[in-house]
Amino acid sequence: MATEGPVNPFEGIKKSVEIDGKNFSFFNLADLKDARYEKLPFSIRVLLESAVRNCDEFQIQKKDVESILNWERNQGQSVEIPFKPARVILQDFTGVPAVVDFAAMRDAVKRLGGNPEKINPICPADLVIDHSIQVDVSRSADALEQNQELEFERNRERFVFLKWGASALKNMLIVPPGSGIVHQVNLEYLARVVFNEEGLLYPDSLVGTDSHTTMINGLGVVGWGVGGIEAEAVMLGQAISMVLPEVVGYKLTGMVDPLVTSTDVVLTVTKHLRQIGVVGKFVEFFGPGVSQLSIADRATISNMCPEYGATVGFFPVDEKSLEYLRQTGRSEERIKFIEKFLREIRMFRNYNNAEEDPVFSQMVELDLSTVTSCCSGPKRPHDKVPVSEMKTDFQACLNNKIGFKGFAIPADKQATKVPVVYDNQEYVLSHGSVVIAAITSCTNTSNPSVMLGAGLLAKKAVEAGLNVKPYIKTSLSPGSGVVTYYLRESGVTPYLEKLGFDIVGYGCMTCIGNSGPLPETVSGAIEKGDLVACGVLSGNRNFEGRIHPLTRANYLASPPLVIAYALAGTVLIDFEKDPLGTNPEGKPVYLRDIWPTRDEIQAVEREFVVPAMFTDVYSRIQQGNKRWNSLVAPEGMLYPWDEKSTYIKSPPFFESMGKEVSQPESIKDAHVLLNFGDSVTTDHISPAGSIARNSPAARYLGNRGLTPREFNSYGSRRGNDAIMSRGTFANIRLVNKFMSKAGPRTRHIPSGDEMDIFDAADRYRKENCPVIILAGKEYGSGSSRDWAAKGPWILGIKAVIAESYERIHRSNLVGMGIIPFQYLEGQTAESLGLTGTETFSIEIPDNLTAGQVLEVKLSDGRTFQVKARFDTEVELTYFRHGGILNYMIRRML
C-alpha cells in the first residue's frame, strides 16, 4: 500500500512511465545506484521495495532500508526489519476467528470510549471459504450436490456471520463457498503479481493464515503463512517484524524423466531441503532447470515449503510467468505493466542467464533427471519412499518400534486378515489395505499435468478392464472449477467416475481431515484386527491422526499414483513385479501398461487448458451460488451476538483489558499441564477434525441440546472459544509423558487424578494455579493455526519451555501473551532431570529484553536457566500489552 503521512525520504527515486498510453509511477530501486542491490536475491529485493515505498521514519525507517541493502553482511545475524505486505489472504477456518476478533475489538473499543468504526482492515484482505466441506458422500453422481447441501446445513450460522462481515468490514473480499481452495484461487485469480494502486505500481506480496500460502511463490509473489493473530495486525496496517533471513539458492539442472510427475519432484525437493535444514530461511530457485518447469510445477514445489521448513520457496517472475497469466485469463493490459515494471526494477528473471544469479547464503543443487517416482509417509511429508521400495518399506514399518517409521506390530499379528462384507460381497482387509484414496488439495489439483495424468491413467485402466474395490473411499475434490472444466472437455471425467473418483466438492476436504466416515463394516474390520489401514492422497500433510482416525498410515502421492494404489487396494505391492489386476482375457495388467507419458499429458493440456475456461469460471466467482445468495445476514457496525449460538461467540480476549498497560506478571509455583517430547505439531495442539463423542467439547454441546449428528467439526466451530478451548490438545495421537498411552488426557499433579486436558486446566484455574508446558524440539511445527495459541491462552497456560519452536507458532504464542522459553544450548528436560511433577517459578523483570536469559526455580530447590524467545523489540511490545490485538486496540484509542 502507498504510505500516507510524512514525506518519504526516497521520493527522489520515484519514476513516472507511460505504458500502453497510461501513466504510472513506481519507486525505481535501480536508481538507488547502489551496487549491493544487484547482488540481492530476488526475494530480498521485494522486501527492499516494500521498505523503500513505505518508509515514513516511524514504522519503517531509512536504517531499515540500509539493513536490507546490507543483506549480504546482515543475513543470519538476527537483524530485525519491518515488512509491510501488500495484502492478506485468509481461508474460512482462520477467517472466521479473524472476523470474530474484529467484531469483538469493535465492542472493546466502544466500551473503552473509542470509535468502533476505526476497526477495519486497512490492508486489503481476501477471504476464501474452502475448509468447511466434508466427504460425506462419495462414488455418486450426486456427491457434489449432496456434500454442498450438507455443508450449508451444518455451516449456515457461520456463513451468515461471514456474510455480515463482508458488508460490515471495509476492504475485505469474501469468496463464497464452492469456489475452490484458497491457494489455488489465489494462484489462478486473486494474485496481482504487480499491484496498481491509482497508478502506483509495486510488487504483489502477502501473508496468509495458512502455512501453504507459499504456493503463490511459484508465480513470483513473495508470501508466507503467519498466525491469524499476526495477520489481523497486518490487516490493521501494522508492519510485520521479522529477522532478515538467510537465502538458500536451490539450483535446478537437467530435465525431468518423461514418466516422472511434478509431485515426485516436490517430494524429492522436500526431503532434500529437510536434510539440509532451511527452517526460518528463504529458499530461492534458480538455474536452467527452472525453465523446464511450468508455473503449476513451481507452485507445487512452493506449496510444500512448510514441509521442507523454509519461510518461502520463491521462483522469480520470468517469461513462463507471463504465459501463465495469459493462460489464466489475466488481461494483456495488466501483463504489459507487470513486465515493464519488473524489468525496470530488475526483478524479471532469465533462468538460463547465469549472469543474473544473485549472491546466496548457501547454494545446493538438484539434477531433475535423477528424480524417480515416489511417495512420502507413513506419518510425515518429508519421509520420501521410492515407489519401487514401497512394499518393503511398509513391511519394515510394521516391524519397527512405534515412531515416525514404525507401528510395532507383533510378528504373529502381521499376517492378520479380516473379512468384510460390503454391498453383499465379501472382501478381505489386512495390514496395508487402502481404505481412502483421495485426489485432493491445492498442492496437486492446481496442476493440470498431474490431474490430466490421473485422468488418462483412469481411461487406460478402465479400457484394460480394471476397477477399484467399492469399499475404498475414493474422491476427487478439485481446487477450482477450472479443473472440472478441463477434465470434462478432455473426455476423461467418465473414466474417473467409473473408478469411483467422482467430484465430491471444491475445497480442502480429505487433505485437512474432512475425509468423512468410512463404511461401518470397514471401520469395524480395522478395529477388530487392529489393522494398519492406509490412506493415499495427493495432499501435503499426512501427520498421524490428521487424515482419518482409522488410517494409521497415510501416504502423499501424485494423483496418478493415488489411482494406482486404489486399483491395487494395498500399498504392499511392487508395481514392477506385481500386476494391478487382469484384463478380460485374463492377462496381467501392470502399472507400466497404463501409465501416461509426459508428452501424452502435455498434448492434452495444450489442447484443453485454455484461457476461456479461467475467464468463464472466475467471472462468476463473486456471484456465489443460490444457497449463499439466499442467506440473510444482520446489518450494522456491531455484530448482534447470540448467546445461544454454538458457532459464533464473543471471545474473552479483551474482557479484562483496560486502557493502560500493566506490568507483566511473574510465574509463581506453576504446575506442568502437559509434558511433551519432540515434534508436537499444531495438529496435536489445535482443535481439528470431527468432535469425538466422549470429549469435553461433545459434553458442552450435549448439554446445550445438540445430538452427535449436529456436532460438526472443530474447524466449523472456530468462532466459538468455548468449543475450541475444550478441543485444544484433543488429538487422539497426542503423546504426553504423564500418560501411559496416547490420547487427550493428562494428570492433575497435586491430586494424581487422570482426566481430560480441558478438565485438568479448568481445575487448576479454579485452584488459582498457573500452568506451563514442557516440550522438546520443533514444538508447534505444521500448519499455522491461531487456535494453537488462543486455545492454550484460554486454558491458562502462561509459558512453554521447549528445546526449539516452529517459527509461526512461536510468533503466535507471543501474539497471545504466552511466553516461549527455550532451554539453553545442549540442555533438555532429560538432561536437567525434569519429571514435570515439580512446580516452576520464573521472575519476569519489568525491563525484560529480547532474548534475555532468566532463572527457573523448582519446588525441590534446583534452578536452571532459559532464554525468553522474544526475538524483536516489537514482540516484546506485544507481550507487554498482553498480545498483539490488545496493542492494536490501545493504538486505536
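Details of the structure are given in the entry above.
Residues numbered from 1 in each chain as written. Predicted model: local features only at pLDDT ≥ 70, side-chain atom pairs only at ≥ 80, totals over all residues. Heavy atoms only, no water.

1. Quick word on the side chain of Ser376
Note the threshold: The way it works is that DSSP assigns letters per residue, a run of H or I at least four long becomes a helix, a run of E at least two long becomes a strand, and they are numbered from the N terminus. Burial status follows relative accessibility: with a 1.4 Å probe on protein chains alone, a residue under 20% of its type maximum counts as buried, one over 50% as exposed, and anything between as partly exposed. The contact definition used throughout considers only heavy atoms, calling two residues in contact when any of these lie within 4.5 Å.
When you line up the elements, Ser376 lands in strand β16 (residues 374-376). Ser376 gets classed as buried once you look at its relative accessible area, which sits at 0%. Once residues within four sequence positions are removed from consideration, Ser376 is found in contact with Leu267, Pro381, Asp383, Lys384, Val385, Asn542, Asn554, Tyr555 and Leu556.

2. Details of the pattern of salt bridges
Test applied: The term salt bridge refers to a pairing of a side-chain nitrogen on Lys or Arg with a carboxyl oxygen on Asp or Glu at a separation within 4 Å.
Inspection of the entire model under this criterion finds 58 salt bridges. For Glu153, the salt bridge goes to Arg709, with nearest N and O atoms at 3.5 Å. Residue Glu153 is located in helix α6 (residues 143-168), and its partner Arg709 is located in the loop between α26 (696-703) and α27 (721-727); the two are separated by 556 residues in the primary sequence. Among the salt bridges present, the one from Arg862 reaches Glu838, with a minimum N-O distance of 3.2 Å. Taken together, the residues Arg862 in the loop between β33 (853-858) and β34 (863-868) and Glu838 in the loop between β31 (819-823) and β32 (840-842) connect sequence positions 24 residues apart. When salt bridges with common partners are traced through the structure, they connect Arg87, Asp126, Arg192 and Asp204 into a single cluster.

3. Focus: the side chain of His809
Here His809 is to be found in helix α30 (residues 807-815). We classify His809 as buried; its relative accessible area is 2%. Residue contacts for His809: discarding those within four places in its chain leaves Thr682, Ile685, Tyr779, Gly780, Ala788 and Ala789.

4. Points about helix α29 (residues 787-794)
Here α29 lies mainly inside the structure; 6 of its 8 residues are buried. Trp787, Ala788, Ala789, Lys790, Gly791 and Pro792 are the residues of α29 that are buried. Looking at the buried residues of α29, the elements they touch are α5 (92-111), α8 (228-235), α25 (682-685), α27, β30 (797-802) and α30.

5. Some details on unusual backbone geometry
Each neighbour pair has its own omega, and for Gly377 with Pro378 the value is 15°, a cis peptide bond. Relative to the helices and strands, Pro378 is located in the loop between β16 and β17 (384-386). Positive phi values are uncommon outside glycine, yet Asn424 reaches one of about 65°. Looking at the secondary structure, you find Asn424 in the loop between β18 (417-422) and β19 (425-430). Positioned with a positive phi, Met509 is a non-glycine residue whose angle comes to about 55°. Topologically, Met509 is positioned in the loop between α18 (493-498) and α19 (520-529). Since its relative accessible area comes to 0%, Met509 is described here as buried.

6. Considering the packing of aromatic side chains
For the record, the criterion: When the centres of two rings from Phe, Tyr and Trp lie within 6.5 Å, Trp using its six-membered ring, the rings pair. Their planes under 30 degrees apart give stacked, over 60 give edge-to-face, and anything left gives tilted. Distance and angle both matter: a charge sits over a ring if NZ of Lys or CZ of Arg is within 6 Å of the ring centre and within 35 degrees of the ring normal.
Overall, the coordinates contain 28 aromatic pairs when judged by the stated rule. Pairing Phe161 with Tyr639 gives two aromatic rings, centres 4.8 Å apart and planes at 85°, and the pair type is edge-to-face. Here Phe161, found in helix α6, pairs with Tyr639, found in the loop between α24 (626-629) and β26 (667-675); they are 478 residues apart in sequence, far enough to count as distant. There is no split in this pair, since Phe161 and Tyr639 are both buried. A connected cluster of aromatic rings, assembled from ring pairs, spans Phe161, Trp164, Tyr639 and Trp641. Its end group placed over the ring of Tyr700, Arg704 keeps NZ or CZ at 3.6 Å from the ring centre.

7. A word on the pairing of strand β1 (residues 14-19)
Our working rule: The criterion for strand pairing is that DSSP finds at least two bridges linking the strands in question.
Looking at chain direction, β1 and strand β2 (residues 22-27) are connected through 6 bridges and run antiparallel. In the sheet register, Val17 faces β2, and the bridge partner there is Phe24. Once β1 ends, the chain turns through 2 residues before running back antiparallel as β2, passing Asp20 with a positive phi of about 55°.

8. Some words on the packing of α5 against helix α32 (residues 884-892)
Two measures define how a pair of helices packs: the angle their axes make with one another and the distance between the axes. The cut-off we apply is this: Between N-to-C directions, angles span 0 to 180 degrees; the directions come from axes that are lines fitted to C-alpha atoms, helices contributing only their stretch in contact. When describing relative orientation, an angle under 35 degrees is termed roughly parallel and one over 145 degrees roughly antiparallel, while 65 to 115 degrees is termed roughly perpendicular and anything else oblique. In this scheme, a crossing is called left-handed if the near helix is turned counterclockwise away from the far one by less than a right angle; it is called right-handed if the turn is clockwise. All residues other than Ala, Val, Leu, Ile, Met, Phe, Trp, Tyr, Cys, Pro, Asp, Glu, Lys and Arg, Gly among them, are scored as polar; the first ten of these are nonpolar and the last four charged.
At a minimum axis distance of 10 Å, the contact between α5 and α32 shows a crossing angle of 45°. In terms of their interaxial angle, α5 and α32 are classed as oblique. In terms of crossing hand, the pair formed by α5 and α32 is right-handed. In this structure, α5 contributes Asp101, Met105, Ala108 and Val109 to the contact, and α32 contributes Leu885, Met888 and Ile889. Residue composition of the contact of α5 with α32, by class: 6 nonpolar, no polar and 1 charged.

9. Structural notes on the nonpolar core
Under the convention used in this document: Put simply, a nonpolar core is a bunch of buried Ala, Val, Leu, Ile, Met, Phe, Trp, Tyr and Cys residues held in one set by side-chain atoms that sit within 4.5 Å of each other.
In terms of nonpolar packing, the biggest core is built from 297 residues, with Tyr565, Phe729, Tyr779 and Phe821 touching the most fellow members. It is α5 that contributes the most residues to this core, 11 residues altogether. For Phe729, the residues in contact, after removing those within four places along its chain, are Leu674, Phe676, His684, Ile685, Leu734, Pro744, Ile757, Ile773, Tyr779, Pro792, Leu795 and Ile797. With 10 residues, the next largest nonpolar core counts Ala697, Ala698, Leu706 and Ile723 among its residues.

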